[in-house]
Amino acid sequence: MTEKATFGAGCFWGVEMRFRELDGVVDAPVGYSGGHVDQPTYQQVCTDQTGHVEVVEVEFDPERVSYERLVREFFKLHDPTQVNRQGPDVGRQYRSVIFSHDDAQREIAERVRAELDQSGQFSKPIATSIEPAATFWRAEEYHQQYLARRGGTCGIG
């Protein structure tokens, strides 16, 4: 039986590619979550007016990869101290967020965030928010496995 984990860490193309590389990840479609518009389009989300975040909804086998491992990978693959941006991508749609699907996920995410924040690994406080999972709206098909289909690399981490 698989479980879901949802992460926003900037542009979803590289995030998706990185999660797909992990043993135990069954699927990792990209999409939008956390906003107030039903069935948002990429063009709508890019206006930064819908409240959505570009996310990857990771479907994983907990017998092969733990949720904690996914959370730790999430923190490695982007700069969680940046607010409403990642690199050149600016706006709330690129914010660092973990959408937890249950209390156990929330507790793990909060523990790992606190541990990393106190570790001195980052020069600024971690800005990643942890929020209850909202509806996941799958992005348009041309965004799915975008980098893999073009022979690209994720360029993150």
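Residues numbered from 1 in each chain as written. Predicted model: local features only at pLDDT ≥ 70, side-chain atom pairs only at ≥ 80, totals over all residues. Heavy atoms only, no water.

## A short note on the pairing of strand β4 (residues 53-60)
(1) Moving on: Of all eight residues in β4, seven are buried, a share of seventy percent or more.
(2) Moving on: Pairing geometry for strand β1 (residues 3-9) and β4, over five bridges, is antiparallel. Residue pairing in the sheet places Thr6 in a bridge with Glu57 of β4.
(3) Moving on: Bridge count between strand β2 (residues 25-27) and β4: two bridges; the pairing is antiparallel. What sits directly across from Val25, in β4, is Phe60.
(4) Moving on: Bridge analysis of strand β3 (residues 30-33) against β4 gives four bridges, and the strand direction is antiparallel. Following the sheet pairing, Val30 is matched in β4 by Val56. (Buried < 20%, exposed > 50% of the residue type's maximum accessible area, 1.4 Å probe, protein only. Helix = DSSP H or I, 4+ residues; strand = E, 2+ residues; numbered from the N terminus. Pairing = 2+ DSSP bridges.)

## Remarks on the pattern of salt bridges
(1) Moving on: One pass over the full model with this rule turns up 15 salt bridges.
(2) Moving on: Residue Glu57 pairs with Lys4 through a salt bridge whose shortest N-O separation is 3.6 Å. With Glu57 in strand β4 and Lys4 in strand β1, the pair connects residues that are 53 residues apart, well separated along the chain.
(3) Moving on: Among the residues examined, Glu57 registers a relative accessible area of 11% and is labelled buried.
(4) Moving on: Ionic contacts of the salt-bridge type, sharing partners, join the residues Glu68, Arg72, Arg111 and Glu115 into one network. (Salt bridge = Lys/Arg side-chain N within 4 Å of Asp/Glu carboxyl O.)

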